Amino acid sequence: MQKIIVYGIIWFTLMCKDGISQRVKFNFNPGWKVYVGNDSSAWKPDYNDNDWKQVTVPYAWNEDDAFRKDIHDLPTGIAWYRKHFKIPVQYAGEKVFLEFEGIRQAGEFYLNGKWIGRHENGVMAFGFDITDIVHFGDTMNVLAVRIDNDWDYKEKSTHTKFQWEDRNFYANYGGIVKNVYLHIVPKVYQTLPLYSNLHTTGVYIYADNFDIPKQTATIHAESEIKNETNQIKHLVYHVSIIDINGKIVKSFLGDTVTIQPGESKLVRAASRVNGLHFWSWGYGYLYDVKTCLIENGKIIDSVTTRTGFRKTAFQNGMVYLNDRVIMIHGYAQRSTNEWSAIGSCVPAWLSDYSNGLMLEGNANLVRWMHVTPWKQDIESLDRLGIMEAMPAGDAEADAHGIQWEQRKELMRDAIIYNRNNPSIIFYECGNHGISEQHMEEMKNIRDQYDPYGGRAIGAREMLNSKIAEYGGEMLYVNKSAEKPLWAMEYMRDEGSRKYWDDYTPPYHKDGEGPLYKGQDASAYNRNMESFAIESVKRWDDFWTQRPGTGKRVSSGGAKIVFSDTNTHHRGAENYRTSGVVDALRIKKQAFFANQVMWDGWVNPEHPRMHIIGHWNYTIGVKKNIYVVSNVDQVELRINGHSIGYGEKSYDFLFTFSNVPFQPGELIALGYDMHHHIVCSDTLQTSGAPYAIRLTPIPRPTPFVADGHDLALVQVEVVDSNGHLCPTAMNMIHYSIEGPAEWRGGIAIGPDNYILSKDFPVEGGVNRFLIRSTTQPGQITIHATSQGLRPATLVLYTQPFPVENGLSRILPSEGLPCHLEKGPTPLSTSYTIKRISIPIQYAIAGANQEQTHASYDDDETTAWTNDGKLSTAWIEYTLARPATINEIVIKLNHFRTKIYNLRITIDGQLAFEGNTKATLGYYTISCNPITGSKVKIELIQPPSQDSAQISPEISGNKLGDSINDDTNKHASLGIIEIEFYEKTKNNQP
């Protein structure tokens, strides 16, 4: 009997592998036509659309204005999309579904002259059952879609605007802006995960009972099935798990069910699986899980779900991935993830390229902002091994009434659609704190549709929420001993790639630019050097409170944004330049700074360094040279001669003051604690501009003639030896021949040179995009500039098979999983740097009843005195005597005020001096004194910090205090305080 079962499983597995099922998923992107404007007859099948523009979706009808116009001025209105297609007769009698990954904003859909439905939220995927309307065989089908991307569009049934239709953060690229698919499925089938319109939930895959060292876990599969025949069906559920090399690692049987005509049911299966590769940071290992329905020994339906398995935990103030603590360091990126003159509608390989740069820069998380990203970006992060936080839809506030219901509906749809993507670690319920009742409602949605996916649900802020499973403020350092808290969008400064520093043409003085709403905007007009240095300073505030530094820790932060974005801005340009890469993903200096600091799960794991800037100044220039490194010491040499060691600050920044420029080689050498050279970086003086060089950005898939694919080409001005000229600003003229569409580049200047065939390099480099047509062939690009040797680049597009509007080649086909960082290390990711001493109780000069609030692990409460200098003291009694060497304190007005403090331990002076303004916590180094009573006294009234960066981040608008003591002359307020002694051994 046992042999029969084993042979049966093998046979079922082979049947699944051979794909006997009739289920087919077609790429429905090719062969659309677009007309911008409203034509009341365009829904009719016999409407003459011969003069309409032919496109391949995803396609935004207003793409020409991406980065040319301010977000507020992006065109809106009505656009019609039409598609003619045929379905082979062999599929007659099967179910037919359309799947749209998303549109912007709302659409009315007509098939063969019949209205089939509407979708309005402008974010999520949705579907239509077109079985009873579609024609099979030689009869042409006509699908017509009326798209309305009005900023003020209101939901028809409620007459209510969606909260996330916002002119600040959600760039309005209108039309069918995400992928479209056509599904053919049998009449007994596993449903699609498209709740809107179809009200179905699809397949759910998850794992539990992990044993990470032994590479084992229990894998669960669950499918919603439907019987749309008129017969009772007796079915067996079967699952196969297939690895990255196509090998079946496990097959197992699940439920045996009887399903009535018209009935829907859930079927389940589970099995222990050995030899698993767990998905991890930089290790995007994915499996294909095939779930099959078997009737009378024959597979009648088979669904392949690509997913990965990983273990998560959210506890002790930290995030655990596969049992290893990981400190969040990444980017809060706009969900549109846009490019100049394209918007968000890029091919899948370019999504991988863009997101892959984040991984190259050692980012481990993307926090998509305000709305759910499209599936293409989510799947990209799966392949790359980058965690992500997935929002639903929100704005800068909680919502109520219908708008709150809209947010819940969107979260439900997003969870159902994306719950099998392993990169999603967090569900975000708001870009602003929400009420506990609303948090509970969102958590219930998660628990209903993704109860076992290992994903924390929370929102920005939510510091003292009893329901949210994570939180964190926008800019500031938060710490917790319980749920992880991480900064949601720190470092909001802006800086253009065009400007190196104060000493390089075009000599843009750092911070120079117009006022923003009447206020100083120097922080939003930085040059690259200043921007990189500020990146180091900001990250250091989080790094000093990292895992291993106490019981209460910071879980890190996400910098806003990764790439320059066509959204709300405060700098001189009409788009936001907060990215560490520009709109065409050319790296700024801050990219390399973060790459150095983030090279590890918590502690740096590889020695790295980067010299900020270039080495092409004029004779006579003396300037500070800055090196970012995670080593102990850095030496600088010019042409082989040492100029000494840098002054270390902010843990990663080494400064060499007033270094005179000398042409030649500038090299930085990094030393470990044993004075061994462990890393280096070199800058070389290049010669005069001599030639243009064109280089296509490498890609893993062919450049195809599908009318949508893009080639990204880098242009550089080089010297006679082929070295980049980093100060070149030459104007380049381009011409193009062959079957391609010029989409161009971007540079500071008129209309940002969008779509122009004449635009300059900045810092010696720029890029441009060209789009394929549906005609394959040779494409030739010529680049010329006065005084430079010209360049020519030849590209070829390959045929893309499309038959009657359908293609079997899916958009992401051929894109590899990235495994460069390897599996999760079994070692610990941090060392314990100090020991936290518990506080037993406290007494104070005033407001005694508040004293516990200064050590309650709750940053929404604080102790403050009554504003008198005589009462500006508090004394803590520790749970045991200890030799205190550090005190970490979060003071009221931590960002804007400096406090002159005296600290005694059992009456002995341990510290006297000024604090510094920080993003949250300040660490006071004490004279090591053993005792159990620590008294904190304010010596004189606090002073305003003269080094405020801007009103936004100074705390004047965002708030850096708990109790309002603005008018109290000598106020001392403590939000949280911690006492530490040295550890005897730095053991993890």
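Residues numbered from 1 in each chain as written. Predicted model: local features only at pLDDT ≥ 70, side-chain atom pairs only at ≥ 80, totals over all residues. Heavy atoms only, no water.

Per an unreviewed UniProt entry, the chain goes by the name Beta-galactosidase and belongs to Thermoflavifilum thermophilum. According to the UniProt record, the Sequence similarities (unreviewed entry) comment for the chain is "Belongs to the glycosyl hydrolase 2 family." (UniProt positions renumbered as here; feature names shortened; annotations may be inferred.)

Enquirer: Sorry if this is basic, but what is going on with the UniProt feature "domain: DUF4982" (unreviewed entry) in the chain here?
Expert: The positions that UniProt labels "domain: DUF4982" (unreviewed entry) are, in the present scheme, residues 620-672. The span residues 620-672 shows a helical share of 0% and a strand share of 70%, and its end C-alpha atoms are spaced 33 Å apart. (Helix = DSSP H or I, 4+ residues; strand = E, 2+ residues; numbered from the N terminus.)

Enquirer: Would you mind showing me how to read the packing of aromatic side chains here?
Expert: Here a ring pair, both rings aromatic, is described through the centre-centre distance and the interplanar angle of the planes. Taken as a whole and assessed by the stated rule, the structure comprises 48 aromatic pairs. Residues F28 and F85 carry aromatic rings whose centres are separated by 4.9 Å and whose planes lie at 85° to one another, so their mutual orientation is edge-to-face. Here F28 is found in the loop between β1 (24-27) and β2 (32-36), whereas its partner F85 is found in strand β5 (residues 78-85), with 57 residues between them in sequence. Relative accessible area serves as the criterion here: at 0%, F85 is assigned to the buried category. One aromatic cluster is present, formed by Y331, Y490, W539, F542, F562 and W598 through successive ring pairs. (Phe/Tyr/Trp six-rings, centres within 6.5 Å; stacked < 30°, edge-to-face > 60°. Buried < 20%, exposed > 50% of the residue type's maximum accessible area, 1.4 Å probe, protein only.)

Enquirer: It is not clear to me how the sheet that holds strand β6 (residues 95-100) should be interpreted in this structure. Could you clarify?
Expert: Consider a sheet: its strands pair through backbone hydrogen bonds, and that pairing is either parallel or antiparallel. Taken in spatial order, the four strands of this open sheet run β1-β14-β6-β9, and their pairing is antiparallel. Edge positions in the sheet fall to β1 and β9 (126-129), since each of these pairs with one other strand and no more. Strand-to-strand, the axes of this sheet are offset by a mean angle of 20°, without reference to chain direction. By the bridge criterion, six bridges tie β6 to strand β14 (residues 180-185) in an arrangement that is antiparallel. Bridge pairing links E99 to Y181 in β14. (Pairing = 2+ DSSP bridges. Axes fitted to C-alpha atoms, helices over the stretch in contact; angles between N-to-C directions.)

Enquirer: What exactly am I supposed to notice about the sheet that holds strand β39 (residues 665-671) here?
Expert: Spatially, four strands are ordered β36-β35-β39-β40 in an open sheet, and the strand pairing comes out antiparallel. Two strands lie at the open edges of the sheet, namely β36 (641-645) and β40 (677-684), each paired on one side alone. Pairs of neighbouring strands in the sheet enclose a mean axial angle of 20°, with direction left out of account. Where β39 lies against β40, seven bridges are found, and the strand directions are antiparallel. What sits directly across from G670, in β40, is C679.

Enquirer: What is the right way to look at the packing of helix α6 (residues 528-543) against helix α7 (residues 589-597) in this model?
Expert: To characterise two packed helices, one gives the angle between the axes of the helices and the distance between these axes. Interaxial distance between α6 and α7 falls to 8 Å at its minimum, and their mutual angle equals 25°. Taken together, the axes of α6 and α7 lie roughly parallel to each other. The element α6 and its partner α7 pack so that their crossing is right-handed. Residues M528, F531, A532, S535, V536 and W539 of α6 form the contact with α7, whose participating residues are Q589, A590, A593, N594 and M597. Across the contact of α6 with α7, the residue classes tally to eight nonpolar, three polar and no charged. (Parallel < 35°, antiparallel > 145°, perpendicular 65-115°, else oblique. Left-handed = near helix turned anticlockwise from the far one by under 90°. Contact = heavy atoms within 4.5 Å. Nonpolar A, V, L, I, M, F, W, Y, C, P; charged D, E, K, R; others polar.)

Enquirer: Help me out: how do you make sense of the nonpolar core in this one?
Expert: Grouped together as the largest cluster of nonpolar side chains are 104 residues, with contacts concentrated most on W339, L350, F426, W486, W539, V628 and L712. Listed in part, the 42 residues of the second largest apolar core include V185, M411, Y417 and I467. (Core = buried A, V, L, I, M, F, W, Y, C linked by side-chain atoms within 4.5 Å.)

Enquirer: What's the story with the confidence of the model for the chain in this structure? I'm lost.
Expert: Caution applies to low-pLDDT parts of the model: their predicted coordinates are not meant to be read in detail. Looking at the chain as a whole, its pLDDT mean stands at 95, while 96% of the residues score no less than 70. In this model, residues 1-20 is a region of pLDDT below 50 whose contacts with residues beyond four sequence positions or in other chains number 28 contacts. Contacts of residues 953-957 to residues separated by more than four positions or lying in other chains number 19 contacts, the stretch itself having pLDDT below 50. (pLDDT = per-residue confidence, 0-100.)

Enquirer: In this structure, what is going on with α7? I would like to understand it.
Expert: One turn of the α-helix equals 3.6 residues, which is why residues spaced by three or four share an orientation. Most of α7 sits out of view: eight of its nine residues are buried. Every buried residue of α7 is listed here: Q589, A590, F591, A593, N594, Q595, V596 and M597. Packing partners of the buried residues in α7 comprise β26 (328-334), α2 (348-360), α6, β32 (556-560), β33 (609-611) and β34 (622-629).

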